[in-house]
Amino acid sequence: MDDPVADLITKCAAGDRAAFRTLYRVSSAKLMGVLLRMLRERAEAEDALQEVYTRVWLRAGRYDPAKGRGMTWLIAVARNLAIDRLRARPEPHSDDALDTVQDSTPRAETRLVAQGEARRMADCFDALEPERAAAVRGAYLNGLSYLDLATRHAVPLNTMRTWLRRSLLKLKECLET
Amino acid sequence: MTEAALTPREEDAALAGEYVLGVLDLAERAQAEARLRRDPGFAALVADWEVRLGSLNEGFAEATAPNLLPQIEARLFPKHPPRRSPIAAGLGWLSGALVAAVLALASIATLAPPRPDLVVTLTTADNRLAYRVTHFGETLQISRVAGVGAVRGQVHELWLIAPDSNPVSLGLLRDRPLVIPYPAPPAGFVFAVSIEPEGGSPTGQPTGPVILTATVGDA
């Protein structure tokens, strides 16, 4: 499948600095969107963006185009860094922070392009109870922890954990059938 | 409890999903990361979840990103200041002619087969623990040349700190030498080793005690 981002990452792994610059140009807006949404502070998101591209260059050799698209890998690097930073922040988050993340993109999965994996993912999300689907989405897109989710959905933390684990396994099962 | 009903396989799949979602707390996340590094089966489960949940990536809107390439490249590809030969630097007090002779000898020496350049040696005052950093071609190699690795449950993590910058992790130091693609770091860059929980710093910055440091260019 045609994947220019994957090609650029592969070139970075070979030490191609021009490819690295192109990669920044074509992908930084998306990664900035990820970091800004999760970290919620522009200054920190910009600092994190530098760290993300530093990691991308240093780890480009670990990317395997056979295992997924280039942009998926880049976003995984960005999300991992954002989550590390969020979890290192003192808990719990303030109510303010939670207010700003109240579903700004409700049912994001329904906007997914109707093709292949994404289409199936949308169908599998629809098969979950809406509140549980929202919890999975909130965790993924906003970087909410179990504690955040439990507060937000007003359930005990253990209940949230049970919900989420079951939802994940349901999603997995649904996508594999 | 429903948790008890999960088979070990389901348990692992759920944990990998929780890790990718990012809902685990700091300690659980560090544990999952440690497992990720030593358990290829678990790493494969995590990779599967990254692709599966990657379908949600459409939900991230793009945002204007400033051009941070200059800062990023300054971190990654430091410009080499004209490096004074350590021999010439050490013998600065000698007469010009003698220096010229020494340099001539030095340049003959550089015709010898290429060997890794010593960048720094990180060592404790008593020399009981030491790591040597060398540069060759486009890679840095870091090997422990004295002492033993961190105790069980902990790991030594290597950091590179450019002037006025935050530390960047170069990787975890274990028994085998660490080899990473990296240009030769210029004088003034600092290497440091910290003690981190197994799996490495959970925050991307040193969290444990820094046990070794060395500055590039210092004798």
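Residues numbered from 1 in each chain as written. Chains lettered and ligands numbered in written order. Predicted model: local features only at pLDDT ≥ 70, side-chain atom pairs only at ≥ 80, totals over all residues. Heavy atoms only, no water.

A. Structural view of the packing of aromatic side chains. Enumeration over the complete set of coordinates arrives at seven aromatic pairs over all chains. Measuring from ring centre to ring centre gives 6.1 Å for phenylalanine 20 of chain A and phenylalanine 77 of chain B, while their planes differ by 85°; the resulting arrangement is edge-to-face. With phenylalanine 20 of chain A in helix α2 (residues 17-39) and phenylalanine 77 of chain B in the loop between α4 (69-76) and α5 (86-90), the pair connects residues from two separate chains. Of the two residues, phenylalanine 20 of chain A and phenylalanine 77 of chain B, neither departs from the other in class, the shared state being buried. With centroids separated by 4.9 Å and ring planes inclined at 85°, the aromatic side chains of tryptophan 57 of chain A and phenylalanine 77 of chain B adopt a geometry described as edge-to-face. Taken together, the residues tryptophan 57 of chain A in helix α3 (residues 42-59) and phenylalanine 77 of chain B in the loop between α4 and α5 connect one chain to another. (Phe/Tyr/Trp six-rings, centres within 6.5 Å; stacked < 30°, edge-to-face > 60°. Helix = DSSP H or I, 4+ residues; strand = E, 2+ residues; numbered from the N terminus. Buried < 20%, exposed > 50% of the residue type's maximum accessible area, 1.4 Å probe, protein only.)

B. Local environment of the sheet that holds strand β4 (residues 154-161) of chain B. Residues and elements named next belong to chain B. Taking strand neighbours across the sheet as the criterion, the four strands line up as β5-β4-β7-β8 in an open arrangement whose pairing is antiparallel. With one partner strand each, in any of the chains shown, β5 (168-173) and β8 (210-215) form the two edges of the open sheet. Looking at each pair of strands side by side, their axes are set apart by 25° on average, direction ignored. Of the pairings in the sheet, the one linking strand β7 (residues 190-197) to β8 comprises five bridges and is antiparallel in character. Bridge pairing links valine 193 to leucine 212 in β8. (Pairing = 2+ DSSP bridges. Axes fitted to C-alpha atoms, helices over the stretch in contact; angles between N-to-C directions.)

C. Highlighting the confidence of the model for chain B. Residues and elements named next belong to chain B. Summing up the model confidence of chain B, the mean pLDDT is 82 and the portion of residues at 70 or higher is 81%. Confidence, read as mean pLDDT per element, is least for α5 in chain B (47) and greatest for helix α1 (residues 8-21) (95). Across residues 82-94, where pLDDT falls below 50, the model places nine contacts with residues more than four positions away in sequence or in other chains. Two numbers describe this predicted complex: its pTM, 0.66, and its ipTM, 0.86. (pLDDT = per-residue confidence, 0-100. Contact = heavy atoms within 4.5 Å.)

D. A look at the state of the cysteines. All names here are of chain A. Throughout the structure, instances matching the rule amount to one disulfide over all chains. Paired by a disulfide, cysteine 124 and cysteine 174 hold their sulfur atoms 1.9 Å apart. Since a negative S-S torsion denotes a left-handed disulfide, the cysteine 124-cysteine 174 link at about -80° is left-handed. Taken together, the positions of cysteine 124 in helix α6 (residues 116-126) and cysteine 174 in helix α9 (residues 157-176) put the pair 50 residues apart, joining distant regions of the chain. (Disulfide = S-S within 2.5 Å.)

E. Layout of helix α2 (residues 26-38) of chain B. Its 13 residues place the ends of α2 of chain B 19 Å apart at the C-alpha level, agreeing with the 18 Å of an ideal helix rising 1.5 Å per residue. Among the residues of α2 of chain B, Arg29, Ala30, Ala32, Glu33, Ala34 and Arg35 of chain B are the ones counted as buried. Buried residues along α2 of chain B sit in contact with α4 (70-88) of chain A together with α1 and α3 (40-53) of chain B. A side-chain oxygen of the first residue of α2 of chain B lies 3.2 Å from the backbone nitrogen of alanine 27 of chain B; this N-cap is aspartate 25 of chain B. (Expected span 1.5 Å × (residues − 1). Polar contact = N/O pair within 3.5 Å; in protein donor to acceptor, adjacent residues only side chain to side chain.)

F. Seen up close, the interface of chain B and chain A. Tallying the contact residues gives 59 residues for chain B and 63 residues for chain A. Together chain B and chain A conceal approximately 5600 Å² of surface at their shared face, both sides included; 62% is due to carbon and sulfur atoms. Inspection of the region where chain B meets chain A yields eight salt bridges. With its nearest N and O atoms 3.4 Å apart, the salt bridge here joins arginine 75 of chain B to glutamate 51 of chain A. Taken together, the connections running from chain B to chain A amount to 25 residue pairs in polar contact (both at pLDDT 80 or more). (Buried area = accessible area lost by both parts, 1.4 Å probe. Salt bridge = Lys/Arg side-chain N within 4 Å of Asp/Glu carboxyl O.)

G. Region of the structure containing the packing of α2 of chain A against α4 of chain A. Residue and element names in this part refer to chain A. Closest axis-to-axis distance for the α2/α4 pair is 10 Å, and the angle between their directions is 35°. By crossing handedness, the relation of α2 to α4 is classed as right-handed. Contacts from Leu23, Val26, Ser27, Lys30, Leu31, Val34, Leu35, Met38 and Leu39 in α2 reach Met71, Leu74, Ile75, Ala78, Arg79, Ala82, Ile83, Arg85 and Leu86 in α4. (Left-handed = near helix turned anticlockwise from the far one by under 90°.)

H. Region of interest: the packing of α4 of chain A against α1 of chain B. At a closest axis distance of 9 Å, the pairing of α4 of chain A and α1 of chain B adopts a crossing angle of 85°. When the axis of α4 of chain A is compared with that of α1 of chain B, the two are roughly perpendicular. Residues Arg79, Asn80 and Ile83 of chain A of α4 of chain A pack against Tyr19, Val20 and Leu21 of chain B of α1 of chain B. Considering only residue class, the contact of α4 of chain A with α1 of chain B consists of four nonpolar, one polar and one charged. (Parallel < 35°, antiparallel > 145°, perpendicular 65-115°, else oblique. Nonpolar A, V, L, I, M, F, W, Y, C, P; charged D, E, K, R; others polar.)

I. Local environment of the environment of valine 77 of chain A. All names here are of chain A. Of note, valine 77 is situated in helix α4. Residue class for valine 77 comes out buried when judged on its relative accessible area of 8%. Beyond its immediate chain neighbours, meaning those up to four positions away, valine 77 contacts Val52, Arg55 and Val56.

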